[in-house]
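Structural overview
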Amino acid sequence: MAEALMPAAELSKPGAGSAAAAEAMEKSGCAAAPALNLGDLDLTTDEFILDEVDIHIQANLEDDLVKEALRTGVDLRQYSKQVETELQRIEQASIKDYIKESQNIASLHNQITACDSILERMEGMLSSFQSDLSSISSEIQTLQQQSVSMNLRLKNRQAVRSQLSQLVDELVVPSTMISVILDSPVTEQEFLEQLHELNSKINYAKELSFRETLACSDIQDIVDRLKIKAVSKIREFILQKIYSFRKPMTNYQIPQNTLLKYRFFYQFLLANERTVAKEIRDEYVDTMSKIYFSYFKSYSSRLLKVQYEDVADKDDLMGVEDTAKKGFFSKPSLKSRNTIFTLGQRGAVLSPAELEGPILIPHTAQRGDSRYPYETLFRSQHYALLDNGCREFLFLSDFFMVAGNSALDLFNSIMGKTLSMFLKNLSTYLSDCYDSIAVFLCIHIILRFRAITVKRNIPALDKLGAVLELLWPRFELILEMNIQSIRNTDPQKLGVLDTRPHYITRRYAEFSSAVVSINQTFPNERTNALLGQLQVEVENFVLKMAAEFPSRRDQLIFLINNYDMMLGVLMERAADDSKEVEGFQQLLLARTQEFIEEILSPPFGGMIAFVKESEALMEKGQLDKLRNDEARITQLVRGFSSSWKQSVEALSQDVMRSFTNFKNGTSIIQGALTQLIQYYHGFHKVLSQPTFRSLAVRSELINLHHLMVEVKKHKPNF
């Protein structure tokens, strides 16, 4: 406002107005526009200068104080003085305030100075701490390096210590070891423990010698002397045990068990003194080979003394007639020959309890005057071989530490001579053996024993297959001889004809059922083929024998009796679906049906013929051809009504007399009566046709239901 009241002259002075305006604007708190200094302008650029002047003027005029001063007309000079006066007053007041607060300011200054000194000391302390930390870090790094170095040295020392301690332990031979090896018996547990230690030191010394370690030479001498002493004591002990096998009545399994407890002895010899180990092994093989051969040779010869005295010979064949051996010095053949073809209790030798049961004791059997079939002796002999062979193979594998082919070779070197003796004795027996049941049972005994060896995992006894190679050909030869004997049989030389079952067919039935029942466990196609040939020959034989009877009725009775007998015997042992059973069932059914027609023909043949003729004409539609047979029909109706009861009674009695098997005879009677009712039912059916309805005789026909009730009375019950 002061500048607004300034005289125009002052305003006209260069810079006067602008300075006053600026000061006034500053006091008023307004932002003054920058002063325009025209002297500083470049007058050569007129347009630019004018623009700048206009801008400044416009800015000043827009200020609120300037607008107010211009509007009210305030004197700017006066206003400027007022402002200066106010400023001076404020300045004086401010100085007084400073003087008044001078003590506080001085105190503040002292405090700030004290803080500066404290901060300076703290800075020194922190600098010192930082320096200490730096030195500690370097010390930690040094300690770390020292720790790593010490740890490495420790590991190296421990590694060296372990090796050196092992070396020292193995190289040191304690006095305890020396005293035990030299003085203690080999059976002591302490000796066995020190022997293990000695073996370890020997092996370690060998290892060090390969490395050319000088320290091993210090103990080599004492270790060698201890080894020689140990080998000597072990050799003496084992040989003593082996020699004890040779004493009579010695159970060699006991010293074998003792040797197994000290199996390490042989391992020690094998590792350190192979010549001694070979000596012991050869001595054992030689001793046990002789023991087994002597034992089984004696046992086999004594077993043969309790065999049945009556054995089959070449005349004891299926097709040989009972009257063939009637010489003065001949043995009674019927009983012995029948047992050749009958299994009976002989098959019990294949039962699990009997198969692996105790072996026979010959002298005990002789005291009791007991006798046994060959297959029982064969079972006892070969089970003893099996049991001893399995035990021996396990002992060899364990004690002599052999396996695979080496174990088999060692076993064969011991048992080979005994097995050869078995095969030789068996070959001698089979060369004169005609008991096919005994041979077949022996075959299946060996088959089961081979299964036992597989179960026990004993491959050494696979040579039992050589026994089968002897048994199978002989069995097939005997079977072929029986087949040939039946083929060559002459029915006219077999004595008086009889409709009952023939003894040759009974032999076949017993033999076939025995072989089939035994063969079910281990089927053999060659055996089945031979049995098939035998069955064909027996069927042919039965037909040849039946042809010797003059009447067809007797022929059928003979065939039915024999088929029924053979079927009954076979079904006791063989399976119902076996080929033999099915074959004879079909034959029996066919001959039975034919026999029923045969026995119905005499009393009822006229009616049966009329029914068959009428049914044939009915199928062709030509029944009228019988219209003129009234007399024939009347005779048939009245004849049946008057005589059927007597005929049925006679038929039943005749059938029961003709057949040995009561059950079979009953079945035939039932079949015949059933067939009779069917024929009479057909007779009723024919006479009910329109062609015959006018016949008066139809009223005389017996009621079919009544006939069935009456017929049932004649059926045998049992």
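Since the structure is predicted, the reported quantities are computational estimates derived from the model, not experimental observations.

In terms of regular secondary structure, the protein chain is built from 27 helices and 0 strands. Per-residue burial over the protein chain gives 40% buried out of 718 residues. Sequence-distant contacts in the protein chain: of pairs separated by 6 or more residues, those separated by 24 or more amount to 76%. With an accessible surface of roughly 40500 Å², the protein chain has 54% of that area assigned to carbon and sulfur atoms.

For the rest of this paragraph, the subject is unusual backbone geometry. The phi dihedral of M401 is positive, around 55 degrees, even though this residue is not glycine. By the element assignment, M401 lies in the loop between α17 (374–399) and α18 (405–430). By relative accessible area, which is 39% here, M401 ends up partly exposed. Backbone geometry places N457, a non-glycine residue, at a positive phi of 60 degrees. Mapped onto the fold, N457 is located in the loop between α19 (436–456) and α20 (464–487). The exposure class of N457 is exposed, given its relative accessible area of 62%.

In this structure, I238, F265, L471, L534 and F683 are the most contacted members of the largest nonpolar core, which totals 168 residues. For this core, the element with the highest residue contribution is helix α24 (residues 579–620), accounting for 13 residues. The residues contacting F265, other than those within four sequence positions of it, are V186, F191, L192, L195, I234, F237 and I238. With 6 residues, the next largest nonpolar core counts L303, V306, L360 and A365 among its residues.

What follows concerns the packing of helix α13 (residues 274–304) against α17. Running from N to C, α13 and α17 cross one another at 165 degrees; their axes reach a closest spacing of 10 Å. On the basis of their axis angle, the class for α13 and α17 is roughly antiparallel. Of the two elements, α13 crosses α17, and the hand of that crossing is right-handed. Listed contacts from α17 to Y284, M288, Y292, F296, Y299, S300, L303 and L304 of α13 are L377, S380, Q381, A384, L385, N388, E392, F395 and L396. A class-by-class count of the residues in the contact of α13 with α17 yields 12 nonpolar, 4 polar and 1 charged.

This part covers the packing of aromatic side chains. Counted under the stated rule, the structure contains 35 aromatic pairs. A centroid spacing of 5.4 Å and a plane angle of 5 degrees characterise the contact between F395 and F399, whose relative ring orientation is stacked. With F395 and F399 both in helix α17 and 4 residues apart, the pair spans about one turn of that helix. The class for F395 is buried, based on a relative accessible area of 3%. The class of F399 is buried, set by a relative accessible area of 1%.

Together, E188, E190, E193 and E197 make up a negatively charged patch on the protein surface. Among the secondary structure elements, E197 is positioned in helix α9 (residues 189–210).

The next point concerns the state of the cysteines. Scanning all chains against the criterion turns up 0 disulfides. In this structure C442 is not part of a disulfide, and its nearest cysteine sulfur, from C433, lies 7.8 Å away.

It is worth spelling out the pattern of salt bridges at this point. Counted according to the given criterion, the structure contains 24 salt bridges. A salt bridge links E476 to R526; its shortest N-O distance comes to 3.7 Å. In this pair, E476 is assigned in helix α20 and R526 in helix α22 (residues 525–546), connecting sequence segments 50 residues apart. Taken together, the shared-partner salt bridges in this structure form one network comprising R553, D554, D654 and R657.

Next up on the list: the side chain of H502. Within the fold, H502 resides in the loop between α20 and α21 (503–519). When near neighbours in sequence (up to four residues on either side) are disregarded, H502 contacts L494, F541, M545, F558, N562 and M565.

Attention shifts here to the packing of α22 against helix α23 (residues 552–573). For the pair α22 and α23, the least separation of the axes is 9 Å and the interaxial angle reads 150 degrees. In this view, α22 runs roughly antiparallel relative to α23, as classed from their interaxial angle. Where α22 crosses over α23, the handedness of that crossing is right-handed. Taken together, the residues of α23 that come into contact with α22 (itself represented by V538, V542, L543, M545 and A546) are Q555, F558, L559, N562, Y563 and M566. Of the residues belonging to the contact of α22 with α23, the class tally is 9 nonpolar, 2 polar and no charged.

Along the chain, S244 falls in helix α10 (residues 217–244). The contact partners of S244, leaving out residues within four places of it in the chain, are T250 and P255.

A few words now on the confidence of the model for the protein chain. On average, residues of the protein chain carry a pLDDT of 83, and 86% of them reach 70 or more. Here residues 1–45 is a poorly scored stretch, pLDDT under 50, and it has 73 contacts once near neighbours within four places are set aside; other chains count. Here residues 324–338 is a poorly scored stretch, pLDDT under 50, and it has 22 contacts once near neighbours within four places are set aside; other chains count.

A separate point is the environment of S127. Considering the arrangement of structural elements, one finds S127 in helix α7 (residues 102–171). Residue S127 is classed as partly exposed on the basis of its relative accessible area of 40%.

Reading the values: rules and limits
Residues numbered from 1 in each chain as written. Predicted model: local features only at pLDDT ≥ 70, side-chain atom pairs only at ≥ 80, totals over all residues. Heavy atoms only, no water. Helix = DSSP H or I, 4+ residues; strand = E, 2+ residues; numbered from the N terminus. Buried < 20%, exposed > 50% of the residue type's maximum accessible area, 1.4 Å probe, protein only. Contact = heavy atoms within 4.5 Å. Areas by Shrake-Rupley, 256 points an atom, 1.4 Å probe, with all protein chains shown as cover. Core = buried A, V, L, I, M, F, W, Y, C linked by side-chain atoms within 4.5 Å. Axes fitted to C-alpha atoms, helices over the stretch in contact; angles between N-to-C directions. Parallel < 35°, antiparallel > 145°, perpendicular 65-115°, else oblique. Left-handed = near helix turned anticlockwise from the far one by under 90°. Nonpolar A, V, L, I, M, F, W, Y, C, P; charged D, E, K, R; others polar. Phe/Tyr/Trp six-rings, centres within 6.5 Å; stacked < 30°, edge-to-face > 60°. Patch = residues over 30% accessible without salt bridge, like charges linked within 9 Å, V, L, I, M, F, W, Y side chains within 5 Å. Salt bridge = Lys/Arg side-chain N within 4 Å of Asp/Glu carboxyl O. Lys, Arg positive; Asp, Glu negative; His and termini not counted. Charge placed at Lys NZ, Arg CZ, Asp CG, Glu CD. Disulfide = S-S within 2.5 Å. pLDDT = per-residue confidence, 0-100.

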